[in-house]
Amino acid sequence: MDVLKDILDNLNDSVITLDSRGQILMFNNEALRIQKSISEKPIRIGDYFTEIVSEARKPVVADILKTLKRQRKPVKNFAECSTPFGSSVYLEVNFIPVYGPKKELKYVNVISQDITSRKVFEKKLRASSEHFSNLLDNAHAFIFSVDSRGYVVDWNNHCAELTGYSKKEILSCRVSEFLIKQEHLRVFTELMERLLQNESVGNCELPVQTRNGAEIIVMTSATPRTNANGQVVGATLVGHDVTELTNYRRSLERQVENQTAELAQVLKKEKEAVELKSRFVSIASHEFRSPLSSIDFAASFIKQNAATIGKKKLNEKVEVIEKHVNHMSHLLEDVLNYSRNESAKIKIIPAKIDLDGFVRDTVEEVMCLCKHSHHICVSTNKLGSLLTDEKLLRNVLINLLSNAVKFSPGREEVLLNVLDEGQFVTVEVSDEGIGISRNELEVIFQPFIRGKSADEFPGTGLGLSIVKKAVELLQGSIRVKSRPGRGSVFKVIIPRLRLVA
Ligand code: ADP
């Protein structure tokens, strides 16, 4: 017996054995210790167990003891006992019944364990978890958690404030359905994919849609959430609303883009101006040098032979001078026309013209200019009158016809087809001359650009750029079809509606 008592006294559990009426038959040292710590009442053999428990526990214990008589299985019960010093002792109490041969209750072993330290730990844990959840709930940051399928499982107050969705509304809803617009789904899907592969993601700009349809940009950092086995079961996303900053950054980016484009435009214009200048210098030096030297030569001849020169010879030389002066004044006229156009000084002066008469006069003028080297074959339908800028239109026609004549040496005819189409008038000038190569077709309307095969013909490369400008001013369009050696067709369309009174 002493051995048994020794064993019981060295147990960490408190053991009290009661008879079937609840009187104490035996107890061990731990029972004594616990009783001393929670009550001034001593524990004594022969006392009823209900007498040594607190007033509050009395009915509970009495009830358990009664139950044990009917129900043949142990009962577990937790007790919070106040000590005389105001603290609490927590006990896990097991009432283990022992029955006799006739299944009558013989004893009850009351085995208690002091679980105060466990309870205190649990309480601290709960308090700290509440503290953290409170902290997260009220943090001035966008914090929410999702499960592995992207359903919201946690949602703090700041999220509710920013999005307009309360926690109650959004819990168990899919982020992709409520918070992310279709066009941004890829950002969220890629983010989730990385998280589910147990990767943390920092500084991701997540566009979030609010309840009222607005969009906010949340600078998000996200970490995977794992279960006790280390498996990823979802993710927690923490972020800040950076909408204003992002918009500001985007507007700055746009400004920089615009300014870069403007700068590129200015640089392009500047480059074009430099090119134009150098083209002009080379054309001018070429086109002015030879007439000037012819004039110089003729003038020197007259000067040197002033006394002896006959009338015939003098006339010849004067004609040479006149011819070259004429040529140069044409060239200058072209340059002036071009620069006038360029500085947009040209104002359209519309006047009603008789189209038929206009075509006839202009053709005659060109025939005179080219000294009837070619015949200009005119075909028209019934031409009405047209409200237009006569000077500009004449410029167009003269330039196209004289080019057709100039660039078809050895040919006799140039065709001019003018059609009054009601809404517009078309002017088509065709020749069977040297034609223009495909790559030159793209550039011949630029000032001072001349075709390679035009080298042997006089010119400044300004005629077509003047034509193009004039056609634009008349709100029309110009097209050219040409093949080297086969001739060219220039077609101009001048709309009537906008010009007719
Ligand atoms: P220019 O006649 O003074 O050379 P233009 O601006 O009128 O200048 O014409 C530019 C270039 O276009 C010409 O140098 C020539 O190469 C080409 N071109 C224009 N018209 C014709 C045409 N009818 N046939 C062949 N080439 C042409």
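Everything below is about the structure shown above.
Definitions and cut-offs
Residues numbered from 1 in each chain as written. Predicted model: local features only at pLDDT ≥ 70, side-chain atom pairs only at ≥ 80, totals over all residues. Heavy atoms only, no water. Near = heavy atom within 4 Å. Polar contact = N/O pair within 3.5 Å; in protein donor to acceptor, adjacent residues only side chain to side chain. Areas by Shrake-Rupley, 256 points an atom, 1.4 Å probe, with all protein chains shown as cover. Helix = DSSP H or I, 4+ residues; strand = E, 2+ residues; numbered from the N terminus. 1 Å grid on protein atoms, 1.4 Å probe; cavity = no way out; pocket = protein on both sides within 12 Å on 5 of 7 lines; lining within 4 Å. Points joined across faces, edges and corners; volume = space filled by probe spheres on them. Nonpolar A, V, L, I, M, F, W, Y, C, P; charged D, E, K, R; others polar. Disulfide = S-S within 2.5 Å. Salt bridge = Lys/Arg side-chain N within 4 Å of Asp/Glu carboxyl O. Core = buried A, V, L, I, M, F, W, Y, C linked by side-chain atoms within 4.5 Å. Buried < 20%, exposed > 50% of the residue type's maximum accessible area, 1.4 Å probe, protein only. Contact = heavy atoms within 4.5 Å. Pairing = 2+ DSSP bridges. Expected span 1.5 Å × (residues − 1).

Trainee: Which residues make up the site of the ligand, and what values go with them?
Mentor: In the vicinity of the ligand there are 21 residues, among which N403, R450, G451, T460 and L464 approach most closely. With respect to the ligand, the side chain of D431 contributes an N or O atom lying 2.9 Å from a nitrogen atom. In the model, an oxygen atom of the ligand is placed 3.2 Å from a nitrogen or oxygen of the G463 main chain. The fraction of the free accessible surface of the ligand (520 Å²) that becomes covered by protein chains is 98%. Only α13 (390–406), α15 (463–473) and β17 (487–495) provide two or more residues apiece to the shell around the ligand.

Trainee: Summarise empty space enclosed by the protein; cite the residues concerned and give the values.
Mentor: Empty pockets left among the atoms are what a rolling probe the size of a water molecule brings to light. For the coordinates displayed, the defined rule picks out 1 cavity of 30 Å³ or more. Taken as a whole, the largest cavity holds about 60 Å³ of empty space. In terms of lining residues, the largest cavity is bounded by L355, F358, V359, L393, V396, L397, V418, V427 and V492. Contributing elements (two or more residues each) for the lining of the largest cavity: α12 (355–369) and α13. Residue classes in the lining of the largest cavity are distributed as 9 nonpolar, no polar and no charged.

Trainee: Help me get a handle on the state of the cysteines, residues and values and all.
Mentor: Evaluation of the coordinates by the stated rule reveals 0 disulfides. Summary of cysteine pairing: C159 is not part of a disulfide, and the nearest cysteine sulfur, belonging to C173, is at 14 Å. In this structure C370 is not part of a disulfide, and its nearest cysteine sulfur, from C368, lies 8.6 Å away.

Trainee: Tell me what's going on with the pattern of salt bridges, and back it up with residues and numbers.
Mentor: By the definition in use, this model includes 24 salt bridges. Its salt-bridge partner being D114, residue R33 comes within 3.4 Å of it at the nearest N-O pair. In this pair, R33 is assigned in helix α2 (residues 29–38) and D114 in strand β5 (residues 105–114), connecting sequence segments 81 residues apart. Salt bridges sharing partners connect three or more residues here, namely E30, R33 and D114.

Trainee: If you had to explain the nonpolar core to someone new, which residues and values would you point to?
Mentor: With 40 residues, the main nonpolar core has L400, L401, L416, I478, F490 and V492 as its most contacted residues. Every element with two or more residues in this core is listed here: α12, α13, β14 (413–420), β15 (424–431), α15, β16 (477–483) and β17. Considering every element that reaches this core, the biggest residue donor is α13, with 9 residues. For L416, the contacting residues outside a window of four places in its chain are V359, V363, I376, C377, V378, S379, L397, L401, V427, E428 and V429. One finds I170, C173, L191 and L237 within the second-largest nonpolar core, a separate group that totals 25 residues.

Trainee: Report on the pairing of β17, specifying residues and quantitative values.
Mentor: Across 8 bridges, β15 lies against β17 in antiparallel orientation. Opposite E428, over in β17, you have K491 as the bridge partner. If you look at the hairpin formed by β16 and β17, you'll find 3 residues sitting between the two strands, and G485 has a positive phi there, around 80°.

Trainee: Residues and numbers for α12, please.
Mentor: Compared with an ideal rise of 1.5 Å per residue, which puts 15 residues at 21 Å, α12 spans 21 Å between its outermost C-alpha atoms and is within 8% of the ideal. Among the residues making up α12, those that are buried are L355, G357, F358, V359, T362, V363, V366 and M367. Positive backbone phi, approximately 50°, marks K371, located one or two places after α12.

Trainee: Residues and numbers for unusual backbone geometry, please.
Mentor: The backbone of H372 sits at a positive phi, close to 55°, despite the residue not being glycine. Note that H372 resides in the loop between α12 and β12 (375–380). A relative accessible area of 53% places H372 in the exposed class. With a phi close to 65°, Q475 is a non-glycine residue in the positive phi region. As for its placement among the helices and strands, Q475 is situated in the loop between α15 and β16.

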